[in-house]
Amino acid sequence: MAASNRAQVLRLYRDLLLKSQDFTAYNYRRYAIRRIRDAFRENKHVKDSSEIQSLVNKAKTNLEMIHRQVTIGHLYSTQKLVVESPEEQ
Amino acid sequence: PLYMDVQATSPLDPRVLDCMLPYLINYYGNPHSRTHAYGWESESAMERARQQVSSLIGADPREIVFTSGATESNNLAIKGVARFYKSRKKHIITTQTEHKCVLDSCRSLEAEDFRVTYLPVKRNGLIDLKELEEAMQPDTSLVSIMTVNNEIGVKQPVSEIGQICNSRKVYFHTDAAQAVGKIPMNVNDMKIDLMSISGHKIYGPKGVGAVYVRRRPRAQKGGLRSGTVPTPLAVGLGAACEVAQREMEYDHKRISLLAERLITKIMTEIPDVVMNGDPEQRYPGCINLSFSYVEGESLLMALKDVALSSGSACTSASLEPSYVLRAIGTDEDLAHSSIRFGISRFTTEEEVDYTVQKCIQHVKRLREMSPLWEMVQDGIDLKSIKWTQH
C-alpha cells in the first residue's frame, strides 16, 4: 500500500492501543487491546485499496467510540481486581 | 471479584452502551409517536434493532417481537401457542432440564387441563430423539427444548428436533437465551418456529429480550404484545446481536481455548473431579464441575475473590441441589459439590489461571479436613458404610 496509507494505518493502530490503555475497567481494557491487535494482525495482508479504506474508516469510528467509553469509565470507576498488577500499567 | 458467572448475566459490551446512550440522553422519543421527529427517529432505531436481531438468527424482522426478557418470551411462546390451539390440541412436550420459567409455564398449563410430558435426559444431559418421537401424540401442539443449558452447558440437537417436529406438524420452541450470538442459529435451517432471546446473556442490557415467531405457518394471529417498546433497550439488544454476529467466530475460538485451559489444569492437578454434561455436545463457555468430597458452598465461600455459582441464579437461594444435576443422574452428594464456571468474551488468561489456582488450593484444603476423604484414601467404599444416629 502507499506510504501515506501505511503511515495512517500505523498511526491509527497506535492511537487505538494507547486510548484503550485508559479503560479503567480491567476486562474492557484487556479486551480492547487484545481485539485491536488481533484485528490488525488478521487484516495485515489486505491489498484492495477500497477494502483498506473501509477498514480504516471502521478503525476511526472505533477510536471515537473507545474515547467516549473510556471517558465514561473514568466517571464511574471502581476498585482494581485481584489479578490487576503494577506490571499492567 | 473476578467475574466467572457469565451464565447468570453478562457485562455490557462498551460498543452496546455506546449505541444506547444517545437514546437515553437526547433521542428520547416514543417510537409509537407518529407525528414528530422524536417519534420517527426512535421508531427507526427500533426497526434497525429489529433487523439486527433477525439477522443474527436468519429470520425476517417482522417475526421479532421485543419483550422484557427471555422469561417473558418463554411465557409468551409456550402459553401463547398452547392456548391458541387448546380446542384441538392439549399436549405439550418439554424436558426436565429446562429453565425454571419454562417448567413453571408448563405447570400452570397443567392446571388449565393440558397434559405435559417432561422428557428425561441421558446421563450426558442430552435428550433421546427416539423418546421425543415416541412421546408425540396426535394432539401435541408444542415441543419446547432449550438450545444450550444454562447450568451445564450442553447443546441439544436442535436441528434434528426441528426436523422431527416439522414432519409431525408440531410447533418447535427453543429457549435460546444462552445460545444466540454464541453459536450459529438459523431458524430456517433448524426448523425452529419460536425462539426466546435474552439481552443480558449476550453482553446487552438487562430488561429486554425478544421472541421470534415464525410467520409461515402462522403461529399466532395479530399483535402479540402491547406497551411502549423501550427504545434504548431495544437498540442495546440490536447492537449486542450485531456485535455478536461479527465476533462469534473469534469469541468461540478464544472461549474454547480458555475452557480447555481451565478444565485441563484442574483435572490434572486434582483427582475425583467430574464434568457434568456431554464433553462434545456443549457450549465451551459454561463448565459445570463436581468436586467429590468437597461441599460446594464451602468451596464457593473459599473462592471469595471469584464470582461463581453452584447452580443457576434463579435457584441458588434454595438449599436443594439443582434439578438439572438430578435429571442427569448425579449423586446427591456430588450435586452439592458442583460449581459452574462461566467464561465470557471478556475473560482473560490471568483470570482463568487465578481461578484455577485458588480452586485447586481450596479443594485440597477442604479435602484435607474431610473425614470422608480420609476414609476414601484408606480404601473404604463410602457406599458400604452404615451410618447410625447418635
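Computed from a prediction, not measured in an experiment: that's the story for all the values here. Counting from 1, residues in each chain are numbered in the order their sequence is written. To read the labels, note that chains go from A and ligands from 1, taken in the order they are written. At least 70 in pLDDT is required for a residue's local features to be given in this predicted model, at least 80 for side-chain atom pairs to be given and counted, and no such filter applies to totals for whole chains, interfaces and linings, which use all residues. Excluding hydrogens and water, the side-chain figures rest on all heavy atoms present in the structure.

**As for the overall build of chain B**
What chain B contains, in helices and strands, is twelve helices and twelve strands. Against the compact-globule benchmark of 21 Å for 390 residues, chain B has a radius of gyration of 22 Å, which places it among compact chains. For chain B, buried positions account for 55% of its 390 residues. Partitioning the contacts of chain B with sequence separation of at least 6, the portion at a separation of at least 24 is 75%. The Shrake-Rupley method, run with a 1.4 Å probe, gives the accessible areas here. Residue values count only the displayed protein chains as cover. Looking at chain B as shown, the accessible area adds up to about 17,100 Å², and 52% of this sits on carbon and sulfur atoms. Helix numbers and strand numbers start at the N terminus; a helix is a DSSP run of H or I with at least 4 residues, a strand a run of E with at least 2. The atom set for the radius of gyration is the C-alpha atoms, and the globule formula is 2.2 Å times the number of residues raised to the power 0.38. For the exposure calls, accessible area comes from a 1.4 Å probe over protein chains only, and a residue counts as buried if that area is under 20% of its type's maximum, exposed if over 50%, partly exposed in between. Throughout, a residue-residue contact means that at least one pair of heavy atoms, one from each residue, lies within 4.5 Å.

**Observations regarding the environment of S292(B)**
Residues and elements named next belong to chain B. For S292, the position within the fold is in the loop between β10 (286-291) and α8 (296-302). A relative accessible area of 11% means that S292 is categorised as buried. If we skip the residues at most four places from it in the chain, S292 touches D272, L334 and R367. Polar contact criterion, stated in full: a pair of N or O atoms within 3.5 Å, where within protein one must be able to donate a hydrogen and the other to accept it, and residues adjacent in sequence count only if both atoms are side-chain atoms. A polar contact of 3.1 Å, which involves the side chain of S292, links it to the backbone oxygen of D272.

**Regarding the packing of aromatic side chains**
In this scheme Phe, Tyr and Trp rings, the latter by its six-membered ring, pair at centre separations within 6.5 Å, and the angle between planes marks the pair as stacked below 30 degrees, edge-to-face above 60, and tilted otherwise. Summed over the entire model, instances satisfying the criterion amount to ten aromatic pairs over all chains. Summarising the aromatic geometry, the rings of Y28(A) and F346(B) are spaced 5.5 Å apart at their centres and angled 65° between planes, so their arrangement reads as edge-to-face. With Y28(A) in helix α2 (residues 26-42) and F346(B) in the loop between β12 (338-342) and α11 (349-368), this pair bridges two chains. Residue classification places F346(B) among the buried residues on the basis of a relative accessible area of 2%.

**Quick notes on the pattern of salt bridges**
Residue and element names in this part refer to chain B. One side-chain nitrogen of Lys or Arg within 4 Å of one carboxyl oxygen of Asp or Glu is enough to make a salt bridge. Using the criterion set out here, one finds 26 salt bridges over all chains in the structure. A salt bridge links R15 to E247; the nearest nitrogen and oxygen atoms lie 3.2 Å apart. Here E247 lies in helix α7 (residues 231-269) and R15 lies in helix α1 (residues 14-25), a separation of 232 residues in the sequence. Each of the two residues, R15 as well as E247, counts as buried.

**Let's talk about the sheet that holds strand β9 (residues 273-275) of chain B**
Across a sheet, paired strands are connected by hydrogen bonds in the backbone, their directions being either parallel or antiparallel. All names here are of chain B. A pair of strands is labelled paired if DSSP reports no fewer than 2 bridges between them. What the three strands build is an open sheet, ordered β9-β10-β12; its pairing is antiparallel. Each end of this open sheet is capped by a strand with a single partner; those strands are β9 and β12. Recorded for the sheet is a direction-independent mean angle of 30° between the axes of neighbouring strands. Bridging between β10 and β12 involves five bridges; their strand directions are antiparallel. Paired with N288 across the bridge in β12 is R340. Note on definitions: angles span 0 to 180 degrees between N-to-C directions of axes, and those axes are lines fitted to C-alpha atoms, for helices only across the stretch in contact.

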